[in-house]
Structure formats: structure tokens, C-alpha cells
Amino acid sequence: MENLLRFIRKYSNFLLFLGLEVVAFLWLFSEQKLQQSTFLSASNSLVASLNEQVSAVGEYFSLATYNNALSAENARLREEVHRLQGIVEAVAENDSVYRYAHLQWDYIPAKVVDMECGTQHNYLVLNKGARDSVCVGQGVLCADGVVGVIGAVNSRFAEVIPVIHPKMRLSCRLKPNGQTGFMVWSGPSARYARLTDVGRHIVVNEGDTVVSSGLTSLFPEGIPIGVVEHIDLPDGDTYYDLNVRLTVDFGKLRYVQVVRNPLSQEQENVLLPL
Amino acid sequence: MKWFRLILRTLVVLFLQATIFNRLHITTACHPYMYILLLICLPVIPRWGELLYGFALGVLMDIMCSSPGIHTAACVLVAWLRPVLLEHYLQEAGRITDQVVASSVGNSVFMRLSLWLTLLHHLTVFTLDTWSWAHWYWVVLQVLVSGVITLGCVYVYGFLLHKS
């Protein structure tokens, strides 16, 4: 016993060092599930709040760039609205589906106030939270395409799990042939992801656009995600390994829209547990 | 007063890290963790104190960056090795001091100490974050790009701002 005490006293600093490292690694290894990988702590909220104030000053210097981008997007959207209005008005009177279809999606504009991209624990923090009707599980878009999914919210802020997160698996579709697959990311570059589950019998070309599949209640169908840049078909494998260049440049992301789907609960309830 | 100054310095540096350096997205490989200067320039205190300070600093950074345990592991490792390196360099230079800034320990000692501790910290953080040697080139790139900026900040603080 005395020897044990002497040993502990002699190596107390080393034992403390080992103990603290064990705590750190236990914390690291405990992060297994997507739900556990993100949490919007009080500290995150404080940092987001500080960043919101700091970025307000910095944005004065880049207002011209943002204004140009927003003007271009406004013009494009206006054209799209006019085109769609014509189509909708033509069919609305006789189409019973229209009554429900136009209720499907609405958008909550938000600003990115904090982010990490380029690591394996990428995240974004938005300046909209539960009081703005943002909920966990809603999709997030920007002008260039799909950004990610809301992972955590508090009253004022929301944390987004972006497409460039190793635990993200996004249902998508190859635009030219309608083949569905899953977009996954394992790093390291924040500009590239991989499209999996596309069978080798499908004809895929470099330059094919990848869009959201519309098979989940997160995003409308046809939102751009990326462009196939490199096609790999390992010997003996039945699936392609497609390298996709993402349309969203996460490093420059400032303004996004949270996708609200009032019918999502109904859509999910229809799936009976087997 | 000494502890008050240490806490104040910690809060100021963490504020700068969160609001400026965590948002410095020059490239996706650039993640300067200049907060490490708090550990490098920590005055000489009992070793258990350094370990606990490193642990607390790492936990705060992990909470701020949503990175579970990565900064904690790196900071505890740096806090463990710093006294060993410091003692070795000070013996070599024939100096005795309890302040770890350039004017106290000497320019050469401060530069070498900062270099090795910054490299060790960044290598640990980026290796644990990537958790795969398949992307070793990415780890090396991140260590180099981020390390240069971090070292710049540590040198500015250690040489210019902090007068012992």
C-alpha cells in the first residue's frame, strides 16, 4: 500500500497527464452518431452572437459584391416566377393537385454567422432559430444549390450539418437519366464529394449534373448539388465511384434559405413501420 | 493579480480566435489556432497546473469548434511536453526565468520552443481530425499552411506585444 502511494506520488503528474488524455479520447470516440455529432451549446451561441456583430462591420466592405450577386439572383428568380406563373395559371383552374402542391415548400432566409469547413467536423451556424420556425431536420439551400440539413436549434440560432460532413448521406439523382444514388463526403477537399449506389449498367458521363432526388421531405426535386467530374469503375465492382464537384463553395457561403415543408410530417407518417 | 491577468488574457485570445482566426477561410487548408500562444507563453507554474490549464483551454476550444476532444488531447500533450522542452533549452542557454517570452528566455529559445510546440499541436489536431493516413498529404498541407500563420501570431505576441 505504501509502495502504491509512493508510486502515485512520484508519478502523479504523469498519471494526471494520462487521465486527461483518456478523457479527451473518450470524448472523441463517443461521437458515433450523427445526432451526437452536433450540438448547439451555449458557447456556440455566444460565438455565433459575437460573430454576427463582428461580421456586420466587415460586411460593409463587401456589400458591392453581395449586391451584385443578389441582383443577379433576383433577376433570375423574377424570370423564373414569370415563367412559372404562366404555366400555373394555365393549369390551376382544372388541376386538383395544385391545391396541395403549392403548399409544399416555403423558405426562411438566413445568414451564416459562424462556420467551419475543411476539417472533418464541418458545420455552419445560422442566425435563425426556433423562434423563426426553424426546426431540426429541415433542409438548407443557397443560390448555388444544396447546403445541408439543420442538426440543432435553439431560440436564436441553428446549426447546419453540411453536405461536406462525413456522416451526411444525401439522396440525389443524376439529371440526364434520372438514376438515384447517395452523395457522401469523406474529405479532404470541401469542393468534392462522391456519388455512390449508381449501378454500372447506367450510362454516366463527365459533366452530368447531380440534383436533389425529391425522394425525401428535405428538399424540392431538382436542386443542384454538383457536377460529375471523374468517373471510376473499380474492377469487379457493380457500382460506379463518381467524383462530384459540388456547386456550393462553402468557404464563401454567406446567405442561405432554410426549406420548410409543412407537409413533411404527413409524408413521413404515411411510412408505416414494418 | 497574476491569475486575474492570466484569465483576462485567455478570454481576449479566445475571443480573437473565435471571431477572427476561426473565420479566416483563405483556403480550406488554413485553420490557424493562434490560441496555442496561451500555452506556449504561460508563465512557469507547477506541472499539474499547466496540465489542468491545457485541459481547460482544449475543452473551451472543442466546445467552440464542435470538435469533440481533439483540441483537448492536443493541448494536454503540449502542456505535458512544454516544461521538458523549456528546461532543456534554458539549460542549454544557461538562463533561469519563470516568464516564457522572447525577452526573458532569449530569442533563439523562444523561436525554437514555439516552432516545435506549434508543429506538435497542429499535427495532433489535424491528424485526429482527419483520422486517416489515406489523406496524409492533406494533414501535412494543413499543418504547414496553418502553422505558418499561427507561428506568426505567436512571434508577434512573444517578441513585440508582451514585455516581461
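This part is about the confidence of the model for chain B. Summing up the model confidence of chain B, the mean pLDDT is 88 and the portion of residues at 70 or higher is 97%. Under the prediction, the complex receives an ipTM of 0.88, its pTM being 0.69.

This paragraph deals with the nonpolar core. By size, the foremost hydrophobic cluster in this structure holds 103 residues, and its most contacted members are Leu 126, Val 147, Val 160 and Val 163 of chain A together with Ile 36, Leu 37 and Val 76 of chain B. Top element by residues in this core is helix H4 (residues 70-93) of chain B. It accounts for 10 residues. In this structure, Val 76 of chain B is in contact with Phe 17, Leu 20, Glu 21 and Ala 24 of chain A together with Leu 51, Gly 54, Phe 55 and Gly 58 of chain B, ignoring residues within four places of it in sequence.

Every contact between the two is made by 30 residues of chain A and, on the other side, 30 residues of chain B. Within the residue set of the side of chain A that touches chain B, elements represented by two or more residues are helix H2 (12-29) and helix H4 (42-58) of chain A. Among the elements that line the side of chain A that touches chain B, the one with the most residues is H2 of chain A, at 9 residues. Across the side of chain A that touches chain B, the residue classes tally to 14 nonpolar, 13 polar and 3 charged.

Here chain A averages 81 in pLDDT, while 82% of its residues score no lower than 70. Within the model, the stretch residues 32-38 of chain A combines pLDDT values under 50 with 11 contacts to residues more than four positions away or in other chains.

Thresholds applied
- Residues numbered from 1 in each chain as written.
- Chains lettered and ligands numbered in written order.
- Predicted model: local features only at pLDDT ≥ 70, side-chain atom pairs only at ≥ 80, totals over all residues.
- pLDDT = per-residue confidence, 0-100.
- Core = buried A, V, L, I, M, F, W, Y, C linked by C-beta atoms within 7 Å.
- Buried ≥ 20, exposed ≤ 12 C-beta atoms within 10 Å, placed from the backbone.
- Helix = DSSP H or I, 4+ residues; strand = E, 2+ residues; numbered from the N terminus.
- Contact = placed C-beta atoms within 7 Å.
- Nonpolar A, V, L, I, M, F, W, Y, C, P; charged D, E, K, R; others polar.

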